[in-house]
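Chain residues, written in single-letter form:
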Amino acid sequence: MDAISYELIKKSNGCDARLGKLHTPHGVIDTPVFMPVGTQATVKAMSPDELKDLGAHIILSNTYHLYMRPGEKLVKKSGGLHKFMNWDRAILTDSGGFQVFSLSNLRDIKEEGVTFKSHIDGSKHFISPEKAIEIQNDLGADIIMCFDECLPYPVEHDYASSSLNRTIRWAVRCKETHKDTERQSLFGIIQGGMFKDLRERSAKEMVALDFPGYSIGGLSIGEPKPIMYDVLDWTVHLLPDNKPRYLMGVGSPDCLIEGAIRGVDMFDCVLPTRIARNGTVFTSQGKLVVRNAEYAEDLRPMDTECDCYACRNYSRAYIRHLFKAKEILGARLTTIHNLHFLIKLMEKIRQAIKDDNLLKLRDEFYAKYGYNRD
Ligand SMILES: CNc1nc2cc(C(N)=O)ccc2[nH]1
Ligand SMILES: [Zn+2]
């Protein structure tokens, strides 16, 4: 019996979307779901109570960052990540592979593992598949990830193929290392670059390893969105219906809709919280850069169709003022709005799956929000 289990509630007519429930040791989560990212054991600018008020039921934390600071042993000594950050709902950690390959300079990838330098102080570190599992075991998230190589974009087919072979061998080592499957569920990660043959092989070989859930990695790394959608079209249908599918690092409102249409159940992305701190918010009419001068005397809410705390109580003029004055409340209000926007969007997507009109929701969304093919 694994820590998590996926309950398929309803398949959509007309597309591959599905409604489900993810049962975890820290609660049940309606899917498709967007997971706010709490990189360093906090969703930046939000308290756990504010996240609960927004309707968040699962958040993500990064293994690389927590290994680097404060260290997984302190988190373990504090009773694990849930206790350490005072979050009693579900947590997912990634394996650190993505950060090792994207954040750190000077790295050396070998069969045994990866040697790299810390982005904080330049110190030398080594992470193997075994070490990545041991760190995640100490952190204690409900869902943990295999250690994998997230390929850059673009990449040569030959390198992608040999990297995939190693990532599959690393997945076997991760599965052998992870013992307490009733406390934490280990997801396999599908890689293979933007190559149909490699993606199909990765999906088939990872499914044969029988993980309780599957992540689709190596996307949202700068590739055009149509290519990401192609990879999903090649991959998701090869994954078992009765297990969750998690699209890593995605995403923007349009990608959440397109991913759900293709059968993705779980999403995470730093975008909503990161752009919020920079004064940019999602609205029903598209993105709005509230810190811009044009809003200096605009007394409307950021989004006239939004009922979040920020839009119910503050004007664009006030929030722009906070950004200009470098007041922390500014970033807090835009973060509240962006997380509310995406969590509400997922509610609309789940309702549309219930009503079998997700494709109609997509068309209506693009008509109002605009469609960027980048
Ligand atoms: C922001 N984009 C993104 N792509 C990702 C891919 C991976 C992965 N392991 O392939 C992990 C995190 C990711 N975040
Ligand atoms: Zn709002």
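Preceding this section is the structure that the text describes.
Since we're looking at a predicted model, the values are computed, not measured.

Draft legend 1. A look at the packing of helix H10 (residues 253–261) against helix H15 (residues 358–369). For the pair H10 and H15, the least separation of the axes is 10 Å and the interaxial angle reads 165 degrees. The pairing of H10 with H15 is recorded here as roughly antiparallel in orientation. Where H10 crosses over H15, the two elements pack in a sense that is left-handed. From H10, Pro253, Asp254, Ile257, Glu258, Ala260 and Ile261 reach across to H15, where they touch Leu358, Leu359, Leu361, Arg362, Phe365, Tyr366 and Tyr369. Classifying every residue of the contact of H10 with H15 gives 10 nonpolar, no polar and 3 charged.

Draft legend 2. The site of ligand 1, seen in detail. Around ligand 1 lies a shell formed by Phe98, Asp148, Cys150, Gln191, Gly217, Gly218, Leu219, Ser220, Ile221, Met248 and Gly249. A distance of 2.8 Å separates a nitrogen atom of ligand 1 from a polar atom in the side chain of aspartate 148. Between an oxygen atom of ligand 1 and a main-chain N or O atom of glycine 218, the distance comes to 2.7 Å. Here ligand 1 loses 86% of its free accessible area of 350 Å² to cover by the protein chains.

Draft legend 3. The arrangement of the sheet that holds strand E2 (residues 18–24) in detail. As summarised here, the arrangement of the 3 strands in space is E1-E2-E3, forming an open sheet in which the pairing is antiparallel. Each having just a single partner strand, strand E1 (5–11) and strand E3 (27–31) make up the two edges of the open sheet. Within the sheet, the average angular offset between the axes of one strand and its neighbour, ignoring direction, is 15 degrees. Looking at chain direction, E1 and E2 are connected through 6 bridges and run antiparallel. By the bridge assignment for E2, lysine 11 is matched with arginine 18. Strands E1, E2 and E3 of the sheet are contacted by helix H14 (residues 328–354), whose axis makes an angle of about 125 degrees with E2.

Draft legend 4. Structural context of unusual backbone geometry. Here tyrosine 153 and proline 154 are connected by a cis peptide whose omega angle stands at -5 degrees. Its place among the elements puts proline 154 in the loop between strand E10 (143–145) and helix H7 (157–177). Phi is positive for alanine 41, which is not a glycine, with a value near 65 degrees. On the secondary structure map, alanine 41 appears in the loop between strand E4 (33–35) and helix H1 (48–54). Residue lysine 326 is not a glycine yet carries a positive backbone phi of 55 degrees. Within the secondary structure, lysine 326 sits in the loop between helix H13 (316–324) and H14. Judged by its relative accessible area of 73%, lysine 326 is exposed.

Draft legend 5. Layout of the pairing of strand E11 (residues 185–190). Along E11, 6 of the 6 residues are buried, which leaves the element largely enclosed by surrounding structure. Of the two faces of E11, both are covered, the one formed by Ser185, Phe187 and Ile189 as well as the one formed by Leu186, Gly188 and Ile190. Note that E10 and E11 share 3 bridges and pair parallel. Each residue of the ladder has a partner; that of isoleucine 144, found in E11, is leucine 186. By the bridge criterion, 3 bridges tie E11 to strand E12 (residues 214–216) in an arrangement that is parallel. Across the sheet, residue glycine 188 finds its bridge partner in E12, namely tyrosine 214. After leaving E11, the chain enters helix H8 (residues 196–208) and then returns to the sheet as E12, a path that is right-handed.

What counts, and where the lines are drawn
Residues numbered from 1 in each chain as written. Chains lettered and ligands numbered in written order. Predicted model: local features only at pLDDT ≥ 70, side-chain atom pairs only at ≥ 80, totals over all residues. Heavy atoms only, no water. Axes fitted to C-alpha atoms, helices over the stretch in contact; angles between N-to-C directions. Helix = DSSP H or I, 4+ residues; strand = E, 2+ residues; numbered from the N terminus. Parallel < 35°, antiparallel > 145°, perpendicular 65-115°, else oblique. Left-handed = near helix turned anticlockwise from the far one by under 90°. Contact = heavy atoms within 4.5 Å. Nonpolar A, V, L, I, M, F, W, Y, C, P; charged D, E, K, R; others polar. Near = heavy atom within 4 Å. Polar contact = N/O pair within 3.5 Å; in protein donor to acceptor, adjacent residues only side chain to side chain. Areas by Shrake-Rupley, 256 points an atom, 1.4 Å probe, with all protein chains shown as cover. Pairing = 2+ DSSP bridges. Buried < 20%, exposed > 50% of the residue type's maximum accessible area, 1.4 Å probe, protein only. Right-handed = clockwise from strand over helix to strand, strands pointing away.

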